[in-house]
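Analysis of the macromolecular model
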Amino acid sequence: MADSNGKQTPLLDELEKGPWPSFVKEIKSMAKESPMCQDLLGQLEKSYGEKRGYWKHGGIVGVMGYGGGVIGRYSFLNEEFPHVAHFHTIRINQPSGWFYTSDAIRTLCDIWEKHGSGLTNMHGSTGDIVFLGTQTSELEPIFKELTEKDFDLGGSGSDLRTPSCCVGQSRCEWACYDTMQLCDHLTHHFQDELHRPAFPYKFKIKCAGCPNDCVASVARADMSIIGTWRDNIQIDQAAVKAYADGGMNIERDICGNCPTKCMQWDGKTLTIDNSNCVKCMHCINNMTKALRPGKDRGATILLGAKAPIVDGALLSSVLVPFIKLEPPYEELKDLIERIWEFWGEHGKNRERTGELIQRVGLGNFLEAIGVEPIPEMVAHPRENPFIFYEEYLEEGDEEE
């Protein structure tokens, strides 16, 4: 296929080969009616041929009253490819759990075909609906039509990024709290932090209903809210025996794969030492009819995950081992605001919360946000045997 200048795109054509989905194929399907997509193909082909990127960051560009939601992008080759001289990306706040009606999707597509390239990403890494490629002059009209249809922009820049969640109790029997309700509540409660960047860098909140963590929050979110339970796993012994009678090797495949070896099977009864269970979900996932999470349900709060942008990648660490999550979520919101207050005062530019904790030390961070240190916060024992501690005198005590 040729670009808008009539030139062929042999390098891009290679990316259409093979059994996997191709973004080139999707761009070409829109290029038949979108001049922006035609020029996009031309610039991409040139980039692959010359091994150079020709996009430049657009600086501050957005809609009136908002500091986030639009990622400005301009082309260095604006004379050769004038239709992508501006190619801004718009992030749109997705519905919790990514549930849409067909009418809602048609509405979004109609707005985007009218004002932009027609290319979408459903969904971005944070969870947003992503509109790829529009002119600066079209930003306000797009925003006006989106808000008239009850859609809003998501986060971008140094702000709270759009909170996201798994489908939770709407479709998953393992969900230990209502992820969609919490995600919606936090999104509305923290609107200023979402739309008006005031942080040292981005802050992501992801809500997972159970330890399976289907939104991968433990690797991608500054704050992971992962559903869990604190009583005993529910066991249906008759169903366990049915699995065994059906050919499952429970001793090998269930007990043998338990990371803490807290399960035993004597051929008739499955027993679990719940005090040593780490909620990995392996046994529940493999014997769905026999095992269920406990009844005393809530969530674990973890902090500090990030991708390797400034420093290396981090996985989140436990901050609160168990918290009940029920509206209006005041305890959780208060914790979030205390974290933001300390981070906002002491964080460096482009420093995520996990990097801040590494720099100032977990002890200082916990003291600043008013959280007591507990063993669950320790990822693994120290490599050296020396323990140092400070002794504090309570008011009224006398030093000997």
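Everything that follows concerns the structure shown earlier in this document.
Cut-offs and rules
- Residues numbered from 1 in each chain as written.
- Predicted model: local features only at pLDDT ≥ 70, side-chain atom pairs only at ≥ 80, totals over all residues.
- Heavy atoms only, no water.
- Pairing = 2+ DSSP bridges.
- Helix = DSSP H or I, 4+ residues; strand = E, 2+ residues; numbered from the N terminus.
- Contact = heavy atoms within 4.5 Å.
- Axes fitted to C-alpha atoms, helices over the stretch in contact; angles between N-to-C directions.
- Polar contact = N/O pair within 3.5 Å; in protein donor to acceptor, adjacent residues only side chain to side chain.
- Phe/Tyr/Trp six-rings, centres within 6.5 Å; stacked < 30°, edge-to-face > 60°.
- Buried < 20%, exposed > 50% of the residue type's maximum accessible area, 1.4 Å probe, protein only.
- Salt bridge = Lys/Arg side-chain N within 4 Å of Asp/Glu carboxyl O.
- Expected span 1.5 Å × (residues − 1).
- Parallel < 35°, antiparallel > 145°, perpendicular 65-115°, else oblique.
- Left-handed = near helix turned anticlockwise from the far one by under 90°.
- Nonpolar A, V, L, I, M, F, W, Y, C, P; charged D, E, K, R; others polar.
- Core = buried A, V, L, I, M, F, W, Y, C linked by side-chain atoms within 4.5 Å.
- Lys, Arg positive; Asp, Glu negative; His and termini not counted.

This part covers the sheet that holds strand β4 (residues 89-92). Across the sheet, four strands lie side by side as β2-β4-β6-β5; this open sheet has antiparallel pairing. Across the chains shown, the open sheet's two edge strands, defined by having one partner strand only, are β2 (70-71) and β5 (116-122). Two strands pair when backbone bridges link them, and β5 and strand β6 (residues 129-134) are joined in this way by five bridges, in the antiparallel orientation. Bridging from a neighbouring strand, Gly116 pairs with Thr134 of β6. Along the sheet, helix α3 (residues 35-50) makes contact with β5 and β6, crossing β5 at roughly 70°.

In this section: the side chain of His88. Among the structural elements, His88 can be located in the loop between β3 (73-75) and β4. A distance of 3.1 Å separates the side chain of His88 from the backbone nitrogen of Arg73, its partner in a polar contact.

Within this structure, the stated rule accounts for nine aromatic pairs. Taken together, a centroid distance of 5.1 Å and an interplanar angle of 65° make the contact between Tyr66 and Phe143 edge-to-face. Here Tyr66, found in the loop between β1 (55-57) and β2, pairs with Phe143, found in helix α5 (residues 139-148); they are 77 residues apart in sequence, far enough to count as distant. The buried category is assigned to Phe143, whose relative accessible area is 14%.

By the definition in use, this model includes 20 salt bridges. One salt bridge in this structure joins Glu148 and Lys144, with 2.6 Å as the shortest N-O distance. With Glu148 and Lys144 both in helix α5, this residue pair falls four residues apart, about one helical turn. Lys144 carries the same exposure label as Glu148, and that label is exposed. One salt bridge connects Asp296 with Lys324, and the closest N-O pair in it is separated by 2.7 Å.

What follows deals with helix α12 (residues 330-346). Taking 1.5 Å of rise per residue, the 17 residues of α12 would be expected to cover 24 Å, and the 24 Å separating its terminal C-alpha atoms lies within 8% of that figure. Within the span of α12, buried status applies to Leu332, Lys333, Leu335, Ile336, Ile339, Trp340, Phe342 and Trp343.

Because an α-helix completes one turn every 3.6 residues, residues spaced three or four positions apart along the sequence face the same direction. Of all the residues in α5, the buried ones are Leu139, Ile142, Phe143, Glu145 and Leu146. Tucked inside the fold, the buried residues of α5 contact β2, β4, α4 (102-115) and β6.

It is worth spelling out the packing of α12 against helix α14 (residues 362-369) at this point. Across the interface, α12 lies against α14 with an axial gap of 9 Å and an inter-helix angle of 120°. Overall, the two elements α12 and α14 adopt an arrangement that is oblique. Considering the relative orientation of α12 and α14, their crossing is right-handed. Every residue of α14 that contacts α12 at Leu335, Arg338, Ile339 and Phe342 is listed here: Phe365, Ala368 and Ile369. In terms of residue class, the contact of α12 with α14 is made up of six nonpolar, no polar and one charged.

Residue placement: Gly312 occurs in the loop between β14 (297-303) and β15 (317-323). Placed 43 residues apart in sequence, Gly312 and Glu355 show a C-alpha to C-alpha distance of 9.4 Å. Gly312 has contacts with Lys306 and Ala307, leaving out every residue within four places of it along the chain.

The subject of this paragraph is the nonpolar core. Of all hydrophobic cores here, the largest spans 37 residues; its most connected members are Phe203, Met223, Ile225 and Leu332. Among the elements of the structure, α6 (179-189), β8 (205-208), β9 (223-229), β14, β15, α12, α13 (353-360) and α14 are those that each provide at least two residues to this core. Per-element accounting of this core gives the leading share, seven residues, to α12. With residues up to four places along the chain from it excluded, the contact list for Leu332 reads Leu182, Leu186, Met223, Ile225, Ile301, Ile323 and Leu325.

This next bit is on the side chain of Glu45. On the secondary structure map, Glu45 appears in helix α3. Here Glu45 occupies a buried position and makes no salt bridge, while the nearest side chain of opposite charge, Lys28, is found at 7.6 Å. Every residue in contact with Glu45, bar those within four places of it in the chain, is listed here: Gln8, Thr9, Pro10, Leu11 and Leu12.

Pairing in this open sheet of five strands is mixed, and the strands run β7-β8-β9-β14-β15 from one edge to the other. Single-partner strands in this sheet number two, and they are β7 (164-165) and β15. In this sheet, β15 lies alongside β14 in antiparallel orientation, the contact comprising four bridges. When the sheet's bridge partners are listed, Leu303 is paired in β15 with Ser317.

Further remarks concern unusual backbone geometry. The step from Met122 to His123 runs through a cis peptide bond, and the omega angle for that step is 20°. Here the residue pair Pro327 and Pro328 is connected by a cis peptide bond, since its omega of 10° sits within 30 degrees of zero. Counting through the fold element by element, Pro328 comes out in the loop between β15 and α12. Phi is positive for Asp213, close to 50°, though the residue is something other than glycine. Locating Asp213 in the fold gives a position in the loop between β8 and α8 (217-220). Look at Asp213 and you get buried, because its relative accessible area is 10%. Even without being glycine, Lys261 reaches a positive phi, approximately 55°.

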